[in-house]
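Next come the chains, spelled out residue by residue.
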Amino acid sequence: MNSEISFIKSIKFKLAIWYSTLLFIFSIGFVFILNIIAVKYIENQPAFPQPVGMFRRGAIVREITETERLLLHEARMKDLENFRELSFYSIIPIVLLSFVGGYVIADRNLSPLEKLNAEMRRRNVGDLSTSIEFKDRGDEISELMNSFNAMSERIHRTFESQKEFVENVSHEIKTPLAIIQANLDSALEDKKISRDELEDILNESKKSVKTMNHLTEDLLLLSVLQHDIAKEKVSIKDILDSCASDVKKIANGFEININSNGKDVMVYGNSMLLSRAISNILENAVKYSGGRIITVKVGSSDQKDVVISIADDGVGIPKEQRKKIFERFYRLDKGRSRKEGGRGLGLAITSEIIKNHGGSIKVVDSEKGAEFEIRLESA
Ligand code: ADP
């Protein structure tokens, strides 16, 4: 592919040609009109000499002879001829100058585009984060440069998060795979392995396979959540009640109070996914908070929004970590999280589910423990 744009095909050349062609057409028209005016002017001149200069006041005006009239007419026609030639020939340097001027102006204004083109050819994944330096003149080209820089930055961030994601997934898979590998090796090497030992090895391997299965399911769910999902009118009260009764089964001694002020609120959503989102928060409170009481409140900020607050009375979440806990694979206490079977994907899934429903989720300030606030549009 030829990377250099030929001079004749360049926009600079085309613009310069357009300027000069237009100027040529206008000049021809202008000179043509000027010549018509000049002819009319000369034709309307009286056929006798006008008194001029210092003799003007006292000049004696007399009738001119026929020879003088003819000479005068000839001189005027000659002047007219000269004027016509001069005016038509003057168009040539004007058009040439307009071509050069137009080319220089176009070159100056289009130079950022050449820079942009060179950068687009040169750039690869490694240097997407650096912005192209240019003088912002507030015009369309500056706008294009700004858009390119913003797009480049967005792609850079996407690449970075994808890279991080792949690293995290590989890291999560590495441990169960290593366990399975070690188990298989010892089972194969030990020729006198007993039935019980073999069963232990297989059970341990099964646990690792289960971990990888869960991880794959979570990753698939995260991927599905990037698309639109089927929704219908669902009751928040029903979802909360079923989540609370499920979580109570694993919440030894935990008290779960639901306060919905006796009224039921409806949202457009997918009840299975909303249940998953709320269960994640309730289960986390049981696993990580170290508290004893979970309080769930349902209200509405106005007619439009349903606000669900889920609070525990445990250790809470430090302010600086409150956004990060919604990131994929982010865990506050890695050891504890792993022990609880966590992969740091629970709240990322919750957040994606809520986003998919057009809502928002955040950790808000509370007197004690952690308080999650979910906002959804009411149906
Ligand atoms: P996992 O899937 O590993 O359980 P999550 O994404 O659900 O991870 O949660 C991220 C981190 O947030 C957890 O590692 C935990 O340390 C912290 N966390 C979540 N909920 C609470 C809570 N109610 N109290 C204290 N820490 C919490």
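Calculation criteria
- Residues numbered from 1 in each chain as written.
- Predicted model: local features only at pLDDT ≥ 70, side-chain atom pairs only at ≥ 80, totals over all residues.
- Heavy atoms only, no water.
- Helix = DSSP H or I, 4+ residues; strand = E, 2+ residues; numbered from the N terminus.
- Rg over C-alpha atoms; globule rule 2.2 N^0.38 Å.
- Buried < 20%, exposed > 50% of the residue type's maximum accessible area, 1.4 Å probe, protein only.
- Contact = heavy atoms within 4.5 Å.
- Areas by Shrake-Rupley, 256 points an atom, 1.4 Å probe, with all protein chains shown as cover.
- Lys, Arg positive; Asp, Glu negative; His and termini not counted.
- Charge placed at Lys NZ, Arg CZ, Asp CG, Glu CD.
- Pairing = 2+ DSSP bridges.
- Patch = residues over 30% accessible without salt bridge, like charges linked within 9 Å, V, L, I, M, F, W, Y side chains within 5 Å.
- Salt bridge = Lys/Arg side-chain N within 4 Å of Asp/Glu carboxyl O.
- Near = heavy atom within 4 Å.
- Polar contact = N/O pair within 3.5 Å; in protein donor to acceptor, adjacent residues only side chain to side chain.
- Nonpolar A, V, L, I, M, F, W, Y, C, P; charged D, E, K, R; others polar.

## Some remarks on the overall build of the protein
Item 1. The helix and strand tally for the protein stands at eight helices and seven strands.
Item 2. For 379 residues, the compact-globule formula gives about 21 Å, and the C-alpha radius of gyration of the protein, at 42 Å, lies well above that figure.
Item 3. Over its C-alpha atoms, taken along the principal directions, the protein stretches across nearly 140 × 65 × 35 Å.
Item 4. Relative to its 379 residues, the protein shows a buried fraction of 33%.
Item 5. Taking contacts inside the protein between residues at least 6 apart in sequence as the whole, the part at least 24 apart equals 71%.
Item 6. If you sum the accessible surface of the protein, you get close to 25,400 Å²; carbon and sulfur atoms cover 58% of it.
Item 7. In the protein, 54 positive and 55 negative side-chain charges are present, and the distance between their average locations comes to 2 Å.

## Some remarks on the environment of Lys297
Item 1. On the secondary structure map, Lys297 appears in strand S4 (residues 293-299).
Item 2. The class of Lys297 is partly exposed, set by a relative accessible area of 45%.
Item 3. Dropping the residues within four chain positions of it, Lys297 is found in contact with Asn259, Val307, Ile308 and Ser309.

## So, the pairing of strand S3 (residues 266-269)
Here is the key point about a regular strand: its side chains alternate between the two faces of the sheet.
Item 1. Alternating residues of S3 divide into Val267 and Gly269, all buried, and Met266 and Tyr268, none buried.
Item 2. In the sheet, strand S1 (residues 232-235) pairs with S3 via four bridges, with the strands oriented antiparallel. Within S3, the residue paired with Ser235 across the bridge is Met266.

## Let's talk about a nonpolar patch on the surface
Item 1. Taken together, Trp18, Leu22, Phe24, Ile25, Phe26, Ile28, Phe32, Ile36 and Phe88 make up a surface patch of nonpolar side chains, about 920 Å² in accessible area.
Item 2. In terms of residue count, helix H1 (residues 11-43) provides more of the nonpolar patch than any other element does, eight residues in total.
Item 3. Residue position: Ile28 is located in helix H1.

## A closer look at the environment of Glu204
Item 1. Mapped onto the elements, Glu204 comes out in helix H4 (residues 195-224).
Item 2. Take Glu204: its relative accessible area is 38%, and that puts it in the partly exposed class.
Item 3. C-alpha of Glu204 to C-alpha of Arg328: the two residues are 124 residues apart in sequence and 26 Å apart in space.

## Focus: the site of the ligand
Item 1. Close to the ligand lie 21 residues; Asn284, Tyr288, Asp312, Ser337 and Gly344 are nearest.
Item 2. Within the side chain of Tyr288, a nitrogen or oxygen atom sits 2.5 Å from an oxygen atom of the ligand.
Item 3. Look at the ligand: alone it shows 550 Å² of surface, and the protein chains cover 96% of it.
Item 4. If you list the elements that add at least two residues to the shell around the ligand, you get helix H6 (271-289) and helix H8 (346-356).
Item 5. Looking at the shell around the ligand element by element, the count peaks at five residues for H6.
Item 6. Broken down by class, the residue content of the shell around the ligand amounts to nine nonpolar, seven polar and five charged.

## Let's talk about the pairing of strand S7 (residues 371-377)
Item 1. Burial of S7 is extensive: five of the seven residues sit out of reach of the surface.
Item 2. Across seven bridges, strand S5 (residues 305-312) lies against S7 in antiparallel orientation. Bridging across to S7, Ile310 finds its partner in Phe372.
Item 3. Of the pairings in the sheet, the one linking strand S6 (residues 360-364) to S7 comprises five bridges and is antiparallel in character. Its bridge partner lying in S7, Ile361 is registered against Ile374.

## Structural notes on the side chain of Ser351
Item 1. Secondary-structure assignment places Ser351 in helix H8.
Item 2. Assessed through its relative accessible area of 9%, Ser351 is described here as buried.
Item 3. The residues touching Ser351, leaving out its near neighbours within four places in the chain, are Phe326 and Ile361.

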